[in-house]
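The lines below spell out each chain.
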Amino acid sequence: MARVLLRLYLSSDRPLGPGKIKILESIRDGGSISEAARGMKMSYRSAWLLVDSMNALFRKPVVDTRQGGRGGGSATLTEFGADLIRRYRAMERATRRAIAKDLVVLERRLRSSTRKHA
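Residues numbered from 1 in each chain as written. Predicted model: local features only at pLDDT ≥ 70, side-chain atom pairs only at ≥ 80, totals over all residues. Heavy atoms only, no water.

(A) Structural context of the nonpolar core. Leu-16, Ile-21, Leu-24, Ile-27, Val-62, Val-63 and Leu-84 are the most contacted members of the largest nonpolar core, which has 21 residues in total. Listed by contribution, the elements that provide at least two residues to this core are α1 (18–30), α2 (33–39), α3 (44–57), β2 (74–77) and α4 (79–108). (Core = buried A, V, L, I, M, F, W, Y, C linked by side-chain atoms within 4.5 Å. Buried < 20%, exposed > 50% of the residue type's maximum accessible area, 1.4 Å probe, protein only. Helix = DSSP H or I, 4+ residues; strand = E, 2+ residues; numbered from the N terminus.)

In structure tokens:
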């Protein structure tokens, strides 16, 4: 089955796509950037840079962070961050619905050996 990946170019140098949305969902679920990074098998720095780029992209932050101490730091999704996830996922669903018929036609036209690897 074909996959559809939505990547939004709201800014020419900072696209918003499935990886950034996934990190936001992981922060929402785990409460920290480090836990989200571990869950996604990436370095803390990579995860932090993704969050930082999203916070810099929008007028409102998507994640609020609190520096660590003895108990470690924390990160929480802002109301805007939660809205961003909802809107992105809604756009994904709408995109899939809009192209579903054409995608089925294209999948039927694949070579049989290609279908097994899709």
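(B) Structural detail: the packing of aromatic side chains. The tally for this structure, following the rule as stated, stands at 1 aromatic pair. Ring centres 5.1 Å apart and planes at 65 degrees place the aromatic pair Phe-58 and Phe-80 in the edge-to-face group. Linking Phe-58 in the loop between α3 and β1 (63–66) with Phe-80 in helix α4, this pair joins segments that are 22 residues apart in sequence. Classification of Phe-80 as partly exposed rests on a relative accessible area of 25%. (Phe/Tyr/Trp six-rings, centres within 6.5 Å; stacked < 30°, edge-to-face > 60°.)

(C) Highlighting the pattern of salt bridges. In this structure the tally under the stated criterion is 7 salt bridges. Between Glu-25 and Arg-89 there is a salt bridge, with its nearest N and O atoms 2.8 Å apart. Linking Glu-25 in helix α1 with Arg-89 in helix α4, this pair joins segments that are 64 residues apart in sequence. Relative accessible area serves as the criterion here: at 11%, Glu-25 is assigned to the buried category. (Salt bridge = Lys/Arg side-chain N within 4 Å of Asp/Glu carboxyl O.)

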